[in-house]
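Topology and contacts: notes
Letter by letter, the chains look like this.
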Amino acid sequence: MDMSLQTFIFMWITVGCLSQPENSETSNNLPVHCDFVSKNVCLKFVEESKTWDQASSSCAKKGGKLLKVLSNSVKIYLSNITRENNTSNLTWWMGERVHVNQRPSLKNDDVSKDFCTYIKLNPLQLLTSNCRMKRGFLCIHRGWKSPSRTKQTIIPGHQVRSRHKRNTDKLNYYLDGMVSNVNNISVLLQFADKALRIMEKQPGEPTNDKRAKFIGALLNGTKTLTKDDVSENKSIVADIISCSTAMMRLSQKKCDTDSNPNPISLFETLFEIIRIASLLTGLEINQTYITRTLTSTLYMRTVKPDGLDNALVGSKEDGFVKLPSFSALQSKVGGFDSVTAQMATFPSNPHPSDDNISGSVCNFILSDGADEIRLENLTEMIEIFLTRPKHAGFMNSTVELTKDTKSVSTLNISDPQMTVFFSVEPSVNVSLLLTLSYGSPPNSTYFSNTTILSHTGGYRWMITPEMFQQNSGVWFVDTRLLNFTSKTSVSLTVTIFMSKCLYWDTELEKWRTEGCMVGDKSTPKLTHCLCNHLTLFGSSFFVMPNYVDISRTAELFATVNENYVVLALLCVFYGLYLSTLLMACYADRRASSKRKITLLEDNHPGAQYNYLIGVQTSHRKNAGTTANVTAKLVGTDGESTIHTLTDSNKPVFERGSFDMFLLATPFPLGDMRTLRLQHDNSGGNPSWYISKVFVQDLQSRNVWHFFCNCWLSADRGDGATKKTFNAAKNNEIASFRNIFQSRTSTGFRDEHIWVSIVDPPSRSPFTRAQRVSCCMCLLLCTMAINIAFWNIPVDESSPLLFSLGSLEITWQDFMVGIQCGLLMFPINILIITIFRKIRPRVVSKSKKDAEEVFKPPAVTMPAVLKETDEMISLLSMSPKNKMLEMPGLESSSDLLPAVDRIHIFIQQMQGESESNNHWVYCSKFLLASLCHLLLSLEKLDGKNFLNPAEYQQVLSLTSLLVRKAEMVLSSHLANCPPPVRKKKKASAGFRLPWWFVFIGWFLLLSISGISTYFTLLYGFQYGKEKSIKWVISLGLSLFESIFILQPLKVIGVAVVFALLLKPVAVEDTEEAEVALLEQVEKCRQYTGRETL
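Reference entry: report on the structure contained in this document. Bear in mind that the values here come from a model prediction, so they are computed numbers and not experimental data. (Residues numbered from 1 in each chain as written. Predicted model: local features only at pLDDT ≥ 70, side-chain atom pairs only at ≥ 80, totals over all residues. Heavy atoms only, no water.)

What sets the pattern is the α-helix's 3.6 residues per turn: residues three or four places apart point alike. The first and last C-alpha atoms of helix α5 (residues 208-223) sit 22 Å apart over 16 residues, in line with the 22 Å expected at 1.5 Å per residue. When α5 is considered as a whole, its buried residues turn out to be Lys-210, Arg-211, Phe-214, Ile-215, Ala-217, Leu-218, Leu-219, Gly-221 and Thr-222. (Helix = DSSP H or I, 4+ residues; strand = E, 2+ residues; numbered from the N terminus. Expected span 1.5 Å × (residues − 1). Buried < 20%, exposed > 50% of the residue type's maximum accessible area, 1.4 Å probe, protein only.)

This is the structure we're talking about:
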């Protein structure tokens, strides 16, 4: 049954080259006589017989070319010619040379040849044949286009949407046509062809519903076919296989496979269509049928039942199956006249999973020509040979042994179901004793299994899953010479590879191992599986690092004189680390003094409502200032006094610094409206460029941002040293520009571990010394893992995942990256997280230091008058208090009226029906100030007043006001609703105790030491030349990581946060609590009371 001459080719025909003709009149502008005209295109029949190449050249000489596309109008025209003329014996070349690699072939020969397309009339058929045959041909000539048609047309958006809707309607029409013609396969395939064309061009296709409809119709149509139908139209089988393959590729190439993965049953259903269609070819006994597609190869062979005895199906190139003896199969297949064996191989796993299925995947089915013959629980195993990637996941090393030495190999077994092949090739014929143990190297009393290898039995040990006893982890194989008395050494080449056989459970929809095991004929290039049932089979492997024998540590380290490359590199790195560490420690000591929050000296001791002010000075040149800076807060409920932002113990407002101050007010100021900043233009560099300021209400945790970004300078910018800034609105805070700048600055100064060494955030607990050490640890880890996986054998058949120009990423590269990441990043991220999240160790001040927080001035009448005037002035700064500011108090006679005014204010507070935070904090401030006034008056005597009676009157009135203030405070505290406080974020509240710093250092030093050891071990094993090559590749890798990947990560994170509109949050700091305690201690000494 020769099918090679008339194979129907599945073609993607693009509609539009020849459209429905406007008329059939011959145009005078056309260069030749036309048999058919469509718009500006002329179609000419040439009856002269020529080969395809000759026909193509003939058309080109006349200014045309062979017809390449059949439009609907051309098909109608050719059908009319068929009915009106006796042209059934004429054939015509078309302009399509096809490289056929999916044509069914009856013999196991080369199926990749060049064929050329031709059409045959009556009925109209599209066929292919050898290009050297001679036929007539169809030429097309394009006429002249009118100027009106040469203008570029811009298609409006609504027309594009209209075209999309029309295509969707057509696709639904074609799919409905497939469903309604399941009993007419020829019509069904025509509809399938048109549906596939639209799906290929339509974005988002195929959808799940339309794909299911397409496959269901194709499957039902295939099931209705008989062998007689196929014998009458030999192209049907090829068309069905092509449609199935096309749908599989369209589904695999979808853009939304991550969010909308293909159903697991897709592969089984499409393969069922291919299998059923292939069975319809009606193979004769012992005839082999091979179908190759872009996604699979199908081998089919029909034999008598006894012909299955140890039969081979497949090829060494794709993998093959060897059946057991006929006696093991007779009970299953003996009752059939003939049996068809179908074996399909797939270059990649159709069911992606976490089992690392690699190499080819095989499906094997026996049938009687219609129904599947199930084979289960056979007495003899079916042997499946699956190709695996070249040199995939094996280790190769050479060791020297003497009668008194041994070699210990380490096996990292992450899956105890794996089978390990341990092969040894000695330089001379000797006997070897191999011992297996778990957890630690074996000895005479501790081991799990042992074996003896010799020349007669072969130097290979297959370590099965039963020997691993379900224990994953590190296993050791001890190799030593047995009964060897010679003093010479023996060279051993050790090769280790792992393998695993699995099958696809269609019911559970996952890969399983039951009923399958690895056979002893497995090699690094071929997996030998033994199974007692039939299904979809696959093999698994892990990418293993280069092998190093830790038992040879002393021997390898002794070669330092010959190979000092890696040691020299490590010495350079450690030298740089130590010198950088010293500079980092010095910088940390300077930064620690600048870290604390400044409690403003001009805060009133009795003020208890606290604000945290953070001031960011720009990083630009000469942005810092030597001038004295003052600030004033203005809110909806009042304003603060002018405060000087200075600290006697540290410099402030240096270039790039972030300074924080604690400002206390007698009452809450409400929502911040403006911030007034000014400096006195003093010092050698008074100009100041301020970036931004934030103000945080420490009671409610509300935050206000002020974006300044300007000069306060007499000679720069607009020449102003005093400016008022408005609080930023929500849309300004959440703007892309603000968030991106904040995140980028924070990212490079904190998250980019290498750059952050130079200029880390001033308030971060992650010190420079810790950052330098983490960089060193990360570098050593990178070196150790890089050298372990460096130059591993390339898996040439590993699937290609990504390609961009010359850059290609394979599955092996991906797995190596994943394994390296799992080995390196978790422990380093843990160390960095520990250092970042440690709560700073707060050392409580001694009693002597606490007493120096507030030194009250000497008690004099002018001091008392000044403090009383200040108390009234502060209370009058809130409109709610309705208290007028008094003229300056000059003598003792002014003290009594001032105290009377305070008395009136207390009575006003007693009359307030509603209690709130304002009255609570005003009461606290008033009570603290009156207590201090009472203490001061008690220290004075009547000589400071005009007469003793006046002194007694002021003293008694002040004592009365203290008691009344206590009652007012108690009343407002009892009736005041609890303040609304913003909840702390969980991330901000996650802090580790200060002593975790020791755990961080322990992990850091341990990992660094282990990494250094293995880097040296691998370096000594590689030798000098390989070590030099590795150093070069390491340098390129580090350059890429530091200067390309890390900056891209920081910028990418900044863009993501900016797009999500998440501003940088202001985190709570422990230093604020210290400053608050200092303010409380200041109030305690001011009032002479422990609590108010």
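Pairing within the open sheet is antiparallel, and its four strands lie in the order β17-β22-β19-β20. Each edge of the open sheet carries a strand with a single partner, namely β17 (406-413) and β20 (449-453). With direction set aside, neighbouring strand axes in the sheet form an average angle of 20°. (Pairing = 2+ DSSP bridges. Axes fitted to C-alpha atoms, helices over the stretch in contact; angles between N-to-C directions.)

This next bit is on the pattern of salt bridges. This model, assessed by the stated rule, comprises 14 salt bridges. Taking the shortest distance from any N to any O, the salt bridge between Lys-50 and Glu-48 comes out at 3.2 Å. The exposure class of Lys-50 is buried, given its relative accessible area of 17%. Its relative accessible area of 46% is what places Glu-48 among the partly exposed residues. For Asp-176, the salt bridge goes to Lys-213, with nearest N and O atoms at 2.4 Å. Here Lys-213 lies in helix α5 and Asp-176 lies in helix α3 (residues 157-180), a separation of 37 residues in the sequence. A single network of salt bridges, built from pairs that share partners, joins Lys-406, Asp-478 and Arg-480. (Salt bridge = Lys/Arg side-chain N within 4 Å of Asp/Glu carboxyl O.)

Put simply, helix α4 (residues 185-201) and α5 touch, their axes get as near as 11 Å, and they point 155° apart. Accordingly, the angle class assigned to the pair α4 and α5 is roughly antiparallel. α4 and α5 meet at a crossing whose hand is left-handed. For the pair α4 and α5, the contacting residues are Ile-185, Leu-188, Leu-189, Ala-192, Ala-195, Leu-196 and Met-199 in the first and Lys-210, Phe-214, Ala-217, Leu-218, Gly-221 and Thr-222 in the second. Grouping the amino acids of the contact of α4 with α5 by side-chain chemistry returns ten nonpolar, two polar and one charged. (Parallel < 35°, antiparallel > 145°, perpendicular 65-115°, else oblique. Left-handed = near helix turned anticlockwise from the far one by under 90°. Contact = heavy atoms within 4.5 Å. Nonpolar A, V, L, I, M, F, W, Y, C, P; charged D, E, K, R; others polar.)

Okay, the sheet that holds strand β10 (residues 312-315) next. As summarised here, the arrangement of the five strands in space is β10-β11-β15-β26-β25, forming an open sheet in which the pairing is antiparallel. Across the chains shown, the open sheet's two edge strands, defined by having one partner strand only, are β10 and β25 (516-518). Going across the sheet, the axis of each strand differs from the next one's by a mean of 15°, ignoring polarity. Pairing of β10 with strand β11 (residues 319-322) involves four bridges; the strand directions are antiparallel. Bridging across to β11, Leu-312 finds its partner in Lys-322.

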